[in-house]
Amino acid sequence: MKKFFKRREASILVLLLVLMVVFSFSSDQFLTLTNFKDCLKSSSLKIILAAGMSIVLITGGIDMSLVATAGMTQMIFGRLMAYAGWGPVPTILVTVLLGILFGSVNGLLISKGRIAPIVATLGVASVVKGMMYVYMDLSGSSSLWINSNELPGWFLSFGTIKVMGIPIQIIIAALIVLLTYWMMHFTIIGRCVYAIGGNKNAAERIGINVDLITIFVYAYFGFILSIGVFADTAGIALCDPNSYNGIDFEVVAAVVVGGVTMVGGFGSIIGGVLGALFMVFLSNGLGLIRVSTYWQKVIVGIVIIIAVSVEAAKRLYNERHAQTIDVM
């Protein structure tokens with residue numbers, strides 16, 4: 001137990017439980033099964049992205065193209081269903097392949113092109129967003145929206161599936177988190193990811209194919225992102241690529257709150273997901289007690305600053321009090 005409570009995941013879990021207790025006294029609607037299910041369903045994409053972003057940050061990278069990638073992926077599979085009449089299997093297959101493609105491009109630019117992750121992914125984001133508006137201009141469309149009346153019945157039905165009362169979006173998010181956790185803790189890929197984030201040069205010297213692992217990490221992030229966007233779109237029954245604006249900063253902030261550092265080599269999937277849940281329930285609770293949207297942003301920003309500052313202070317303290325051994 002002592003070892004567990006020294007971990008960052010324990011502290012964020014305790015904060016999450018305290019948050020729930022506080023809001024349960026502030027609003028009788030907070031601590032209800034309906035609110036929890038609705039909250040988790042609407043934030044399932046953020047939870048999936050938190051799991052993927054955790055891996056990316058552990059390698060010492062970052063992916064700021066996720067908004068553009070999510071928007072482009074949604075726009076393409078939405079039009080394939082609505083206007084080309086595609087069925088479930090080819091639509092899902094193309095969706096997944098698109099996510100992997102966009103992620104692989106990021107990985108290639110970073111690993112083979114030796115471009116800084118934030119520069120490479122912002123560049124990809126700009127290109128992809130530009131392509132969406134070029135398409136809109138060439139097609140003569142006035143909007144990138146596709147409403148529920150244009151989407152096929154099978155897709156809308158998929159978005160309302162429940163297993164033992166649990167929405168399909170929550171189940172998909174849980175499965176992806178479990179898959180990502182298993183990959184990071186029980187496969188050689190996970191050990192390689194931590195090694196690269198800890199010391200890239202040392203990882204290369206011990207024989208790790210840094211370029212291949214980097215490409216895989218970004219491709220995997222694109223893969224789970226595409227699945228998350230597909231499930232999220234089915235749940236809201238609306239294709240609107242602009243609806244994802246700002247989610248990149250929210251996900252990065254949530255993961256950092258969960259103890260995944262941006263310098264690489266530190267953090268865990270559970271920590272990143274708990275950070276996302278903390279931010280989700282914080283916003284949900286503030287909304288239920290009728291705190292203004294503007295003040296919600298202020299409070300969330302303060303929480304992020306405090307969490308990051310505490311983590312930085314703790315790391316600095318550990319470094320100063322670490323024992324050093326002189327080798328003669």
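Residues numbered from 1 in each chain as written. Predicted model: local features only at pLDDT ≥ 70, side-chain atom pairs only at ≥ 80, totals over all residues. Heavy atoms only, no water.

(A) Spotlight on the overall build of the chain. The secondary structure content of the chain amounts to 15 helices and 2 strands. Against the 2.2 N^0.38 benchmark of 20 Å for 328 residues, the chain shows a C-alpha radius of gyration of 21 Å, consistent with a compact globule. Taken along its principal axes, the extent of the C-alpha atoms in the chain is 75 × 55 × 35 Å. Taken over 328 residues, the chain has a buried fraction of 47%. Taken as a whole, the chain presents about 16,600 Å² of accessible surface, with 68% of it coming from carbon and sulfur. (Helix = DSSP H or I, 4+ residues; strand = E, 2+ residues; numbered from the N terminus. Rg over C-alpha atoms; globule rule 2.2 N^0.38 Å. Buried < 20%, exposed > 50% of the residue type's maximum accessible area, 1.4 Å probe, protein only. Areas by Shrake-Rupley, 256 points an atom, 1.4 Å probe, with all protein chains shown as cover.)

(B) Structural context of the packing of helix H4 (residues 44–58) against helix H14 (residues 269–288). Where H4 contacts H14, the axes come no closer than 8 Å and their chain directions differ by 145°. Here the hand of the crossing between H4 and H14 comes out right-handed. Counting all contacts with H4, which are made through Lys46, Ile47, Ala50, Ala51, Ser54 and Ile55, the residues of H14 involved are Ile269, Gly272, Val273, Ala276 and Leu277. Residue composition of the contact of H4 with H14, by class: 8 nonpolar, 2 polar and 1 charged. (Axes fitted to C-alpha atoms, helices over the stretch in contact; angles between N-to-C directions. Left-handed = near helix turned anticlockwise from the far one by under 90°. Contact = heavy atoms within 4.5 Å. Nonpolar A, V, L, I, M, F, W, Y, C, P; charged D, E, K, R; others polar.)

(C) Region of interest: the side chain of threonine 121. Position of threonine 121 among the secondary structure elements: in helix H7 (residues 117–139). Within the structure, the side chain of threonine 121 is placed 3.2 Å from the backbone nitrogen of methionine 64, a separation counted as a polar contact. If near-sequence neighbours (up to four positions away) are discounted, threonine 121 is found in contact with Ile62, Asp63, Met64, Ser65, Asn106, Ile110 and Tyr218. (Polar contact = N/O pair within 3.5 Å; in protein donor to acceptor, adjacent residues only side chain to side chain.)

(D) Summary view of the nonpolar core. Among the nonpolar cores identified, the biggest contains 77 residues, and Leu49, Met53, Ile55, Leu66, Ile247, Phe278 and Phe281 are the most heavily contacted of them. Examining the composition of this core, we find that 12 residues originate from one element, helix H12 (residues 210–236), more than from any other. Setting aside residues up to four positions removed in sequence, isoleucine 247 forms contacts with Leu45, Lys46, Leu49, Leu66 and Val67. Judged by nonpolar contacts, the second largest core, of 11 residues, contains Met75, Leu98, Ala125 and Met132. (Core = buried A, V, L, I, M, F, W, Y, C linked by side-chain atoms within 4.5 Å.)

(E) Spatial organisation of the pattern of salt bridges. Throughout the structure, instances matching the rule amount to 3 salt bridges. Where glutamate 250 meets lysine 46, a salt bridge forms, and the shortest distance between an N and an O atom there is 2.6 Å. Within this pair, whereas glutamate 250 is found in helix H13 (residues 247–257), its partner lysine 46 is found in helix H4, the two being separated by 204 residues in sequence. The residue arginine 114 makes a salt bridge to aspartate 211 at a minimum N-O spacing of 3.3 Å. Of this pair, arginine 114 sits in the loop between helix H6 (88–111) and H7 while aspartate 211 is found in helix H12, placing the two residues 97 residues apart along the sequence. Given the relative accessible area of 13%, aspartate 211 is considered buried. A network of salt bridges, in which partner residues are shared, links Lys112, Arg114 and Asp211. (Salt bridge = Lys/Arg side-chain N within 4 Å of Asp/Glu carboxyl O.)

(F) View of unusual backbone geometry. The phi dihedral of methionine 164 is positive, around 55°, even though this residue is not glycine. By secondary structure assignment, the location of methionine 164 is in the loop between strand S1 (162–163) and strand S2 (166–167). Here methionine 164 falls in the exposed class, since its relative accessible area comes to 84%. Positive phi, normally seen in glycine, also occurs at alanine 237, with a value near 55°. Mapped onto the secondary structure, alanine 237 falls in the loop between H12 and H13. Here alanine 237 falls in the partly exposed class, since its relative accessible area comes to 21%.

(G) Region of the structure containing a nonpolar patch on the surface. A cluster of nonpolar residues, Leu101, Val105, Leu109, Ile115, Ile118, Val119 and Leu122, forms a patch on the protein surface that exposes about 530 Å² of accessible area. Put simply, the parts of the chain that give the nonpolar patch at least two residues each are H6 and H7. In this fold, leucine 109 is placed in helix H6. (Patch = residues over 30% accessible without salt bridge, like charges linked within 9 Å, V, L, I, M, F, W, Y side chains within 5 Å.)

(H) Layout of the packing of aromatic side chains. Taken as a whole and assessed by the stated rule, the structure comprises 13 aromatic pairs. With 6.5 Å between their ring centres and 25° between their planes, tryptophan 154 and phenylalanine 230 make a pair best called stacked. Here phenylalanine 230 lies in helix H12 and tryptophan 154 lies in helix H8 (residues 153–159), a separation of 76 residues in the sequence. According to the relative accessible area criterion, tryptophan 154 is partly exposed, its value standing at 24%. On the basis of relative accessible area, phenylalanine 230 is assigned to the buried category, the value being 6%. (Phe/Tyr/Trp six-rings, centres within 6.5 Å; stacked < 30°, edge-to-face > 60°.)

(I) Geometry of the packing of H6 against H7. Closest axis-to-axis distance for the H6/H7 pair is 9 Å, and the angle between their directions is 140°. If you check the angle between H6 and H7, you find them oblique. At the point where H6 passes H7, the crossing takes the right-handed sense. Facing H6, whose interface residues are Phe102, Val105, Asn106, Leu109 and Ile110, H7 presents Pro117, Ala120, Thr121, Val124 and Val128. Its residues assigned to classes, the contact of H6 with H7 comprises 8 nonpolar, 2 polar and no charged. (Parallel < 35°, antiparallel > 145°, perpendicular 65-115°, else oblique.)

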